[in-house]
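Close look at the chain arrangement
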Amino acid sequence: MSTRKLLVDVHTHVYLPRYAAYLRARAVAPRIFSRPVPGEPDVEEDRLLILENEPSGGRPVGPQVYWDKSQKLAFMNRHGIDVSVVSSANPWLDFLPASEANSLAKELNEDLEEFCSSSPDLGSPTSGGGPSIKRLYGLGLLPLVSEASLSDVLKVITQISSLPHLKGVIMGTQGLGRGLDDEELEPVWGEIERNGLVVFLHPHYGVPSSVYGGRANGHVLPLALGFPFETTIAITRLILAGVLDKFPSLKIMLAHSGGALPALSSRLASCIDHDPVVASRLKHNARYYLGRLYFDAVAYGPEELGFVSSAIGRSSTYDDPSASASAIPSLESEGKLRVLGSSRMLFGTDHPFFPPLKATDKWKSVTENLAAINAVAGWGDEEIEAVCGGNALRIFDLV
Ligand code: URA
Ligand code: ZN
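These notes cover the structure that comes with them. A quick note: this is a predicted structure, and the numbers were derived from the prediction, not measured.

This part covers the sheet that holds strand 4 (residues 59–60). Hydrogen bonds between backbone atoms are what pair the strands of a sheet, whose relative direction is either parallel or antiparallel. Spatially, 3 strands are ordered 2-3-4 in an open sheet, and the strand pairing comes out antiparallel. Strands at the two margins of the open sheet, each flanked by one partner only, are strand 2 (31–37) and strand 4. Alignment of strand 2 against strand 3 (residues 40–49), held across 7 bridges, turns out to be antiparallel. Directly across from Phe 33, in strand 3, lies its bridge partner Arg 47. Contacts from helix 1 (residues 17–24) reach strand 2 and strand 3, with the element oriented near 70 degrees to strand 2.

Bringing the pattern of salt bridges into the picture now. Evaluation of the coordinates by the stated rule reveals 13 salt bridges. Residue Glu 45 is joined to Arg 35 by a salt bridge in which the shortest nitrogen-to-oxygen separation is 3.2 Å. One end of the pair, Glu 45, is in strand 3; the other, Arg 35, is in strand 2, with 10 residues separating them in the sequence. In this structure Arg 35 comes out as partly exposed when scored by relative accessible area, which is 23%.

Turning next to the nonpolar core. The biggest cluster of nonpolar side chains holds 115 residues, and the ones touching the most others in it are Tyr 15, Leu 142, Trp 189, Ile 192, Ile 252 and Phe 396. The element best represented in this core is helix 4 (residues 98–117), accounting for 7 residues. The residues that make up this core include at least three from each of domain 1 (8–16 + 67–395) and domain 2 (17–61). If we ignore the near neighbours within four places in the chain, the residues touching Trp 189 are Met 171, Leu 180, Val 199, Leu 238, Val 243, Phe 247 and Leu 250.

Right, let's talk about the site of ligand 1 for a bit. Within the structure, ligand 1 sits among His 13, Ile 50, Arg 59, Asn 90, His 202, Leu 223, Phe 227, Asp 350, Phe 353 and Phe 354. Contact distances for ligand 1 include 3.0 Å between an oxygen atom and a side-chain N or O atom of His 202. Protein burial of ligand 1: of its 230 Å² of free accessible surface, 99% is covered by the chains. The cavity that encloses ligand 1 is the largest pocket.

What follows concerns the environment of Thr 126. Counting through the fold element by element, Thr 126 comes out in the loop between strand 6 (121–123) and strand 7 (133–134). Separated by 123 residues in the primary sequence, Thr 126 and Thr 3 have C-alpha atoms spaced 4.2 Å apart. Side-chain polar atoms of Thr 126 contact the side chain of Ser 124, separated by 3.0 Å.

Looking at the zinc ion (ligand 2), one finds its protein donor set to be His 11 (NE2), His 13 (NE2), His 202 (NE2) and Asp 350 (OD), positioned 2.1 to 2.2 Å from the metal centre. The motif formed by the donor residues of the zinc ion (ligand 2), counted along the single chain, is H-x1-H-x188-H-x147-D. You can see His 202 sitting in the loop between strand 10 (198–201) and helix 7 (220–240) and its partner Asp 350 sitting in the loop between strand 13 (345–346) and helix 13 (364–374), a full 148 residues away along the chain. Here the two residues His 202 and Asp 350 agree in accessibility, since each one is buried.

Procedures and definitions
Residues numbered from 1 in each chain as written. Chains lettered and ligands numbered in written order. Predicted model: local features only at pLDDT ≥ 70, side-chain atom pairs only at ≥ 80, totals over all residues. Heavy atoms only, no water. Pairing = 2+ DSSP bridges. Helix = DSSP H or I, 4+ residues; strand = E, 2+ residues; numbered from the N terminus. Contact = heavy atoms within 4.5 Å. Axes fitted to C-alpha atoms, helices over the stretch in contact; angles between N-to-C directions. Salt bridge = Lys/Arg side-chain N within 4 Å of Asp/Glu carboxyl O. Buried < 20%, exposed > 50% of the residue type's maximum accessible area, 1.4 Å probe, protein only. Core = buried A, V, L, I, M, F, W, Y, C linked by side-chain atoms within 4.5 Å. Domains from an automatic or database assignment. Near = heavy atom within 4 Å. Polar contact = N/O pair within 3.5 Å; in protein donor to acceptor, adjacent residues only side chain to side chain. Areas by Shrake-Rupley, 256 points an atom, 1.4 Å probe, with all protein chains shown as cover. 1 Å grid on protein atoms, 1.4 Å probe; cavity = no way out; pocket = protein on both sides within 12 Å on 5 of 7 lines; lining within 4 Å. Sits in = over half its atoms within 2 Å of the grid points. Donors = N, O, S within 2.8 Å, 3.2 Å for Na, K, Ca; no water.

This is the structure we're talking about:
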C-alpha cells in the first residue's frame, strides 16, 4: 500500500478562542490587550504579550491567524498544505495554578478535537483507496505545572487518547516545575508511550535574558538562539536521566530541528565518556539517541537539514555506550546516512508566527522551509516526499 504525495505541516499553532479569551482577561503577561495603532489614534489593534519584557509591546494578534479555523485552512490552501497537525502555541498552561490548568487542559482538548473533527475530509491518503482522513489533526495539552496532581495528568492523557483526532501532546520544558528529567514524570512518559501518543517538545522561555546584552536586537536572539538552546538543554537532561532507555517506544519530536543537539551530540558523548557517574547510567552512546527522536524540518536551510539527517543516520552505529567516532564517512556513505536520517524529519511552518512584513501571497517562512527540503544534497524524490508528508502520516498514525 503506497501513500499519496501529501504535504503535512507538523509544526503549526493555534490559540483556541477559549484560550484567547483567557489571555484577554489577564492584566499581566501572557495576555492579549488592545492599544491604538501607532500614528492612527482612532484605530485599535490587539497585541499578544507572551513575556512581560517583550520588545515593541508584543506582537499583533487576531482571529485571522491565531484562532479562526477557516483562516488556518485558507493559509494551508494558499501554500499547498494538505494536512496540519495543529498544536496550542506557547506558553500553554504554564502560568496557571494546578486546578485551573487541569480544567482548562480538558476543555481545550475537547475544543481542539472539535476544531479538527469538523475540518474538511481530504480523501484517502493511500493510493489504493481506503478511509478518508481529515485536513486537521491536533496535539493536546497536559496540565503540567508545579503542584499538579499526577493522577490528573494521567487522566488527561487518557482523555487525549480517547479523542480520535488528537495524536499526541505539545509540551514545554518545565514539566512539574523541575524540568523533564524529574523522576516524578516517569509514569507520564509511560502512559504517553503506552497510548502511542507523540510528544512535541517546544520551547518558550529561551535562556536568561541577561545573556542577550543591552543592544536593541528585537526578538532575534531569543527566537533564533534562546528557543533552540532551551530545547537542546531540556532534551539532553531527559536523555541523561535515562528516559529514552526506560521507554524505548516513546515518540518525541523536537521543535526547530532539535536546536543544537545534532551539532553537539559528539561533544556530549565525549563529556559523558569522561564522567563515569553519568556514563554508568546510560545504555547507549549519546549520539545513538538522535536516532530515537524525531525532528521537525523547521531549519530554513538545506545544509542544516542535510547535517541533521546525517547525524540521525549515523546514530545506529553508536549503539554501544563506549563507541567512538568512526572514520570520516566517504561521500557515498554520507549519502546513505542522509537517506536513513530523512525518515525522522518532518515538514513544519511554525504558522502563525513569522508572518511576512509586507502583504504577499505566500509566506517566506513556508516557502523557505520547503525550498530547503527540496535542496538537501543526497535527498532524492523519495526522501523529499517522506519529509514533506509520508513520515508524518506514519508517525502520527494517520494511515
Ligand atoms: N514565537 C513563539 O512565541 N512561538 C513560536 O512557536 C514561534 C515564535
Ligand atoms: Zn512553534
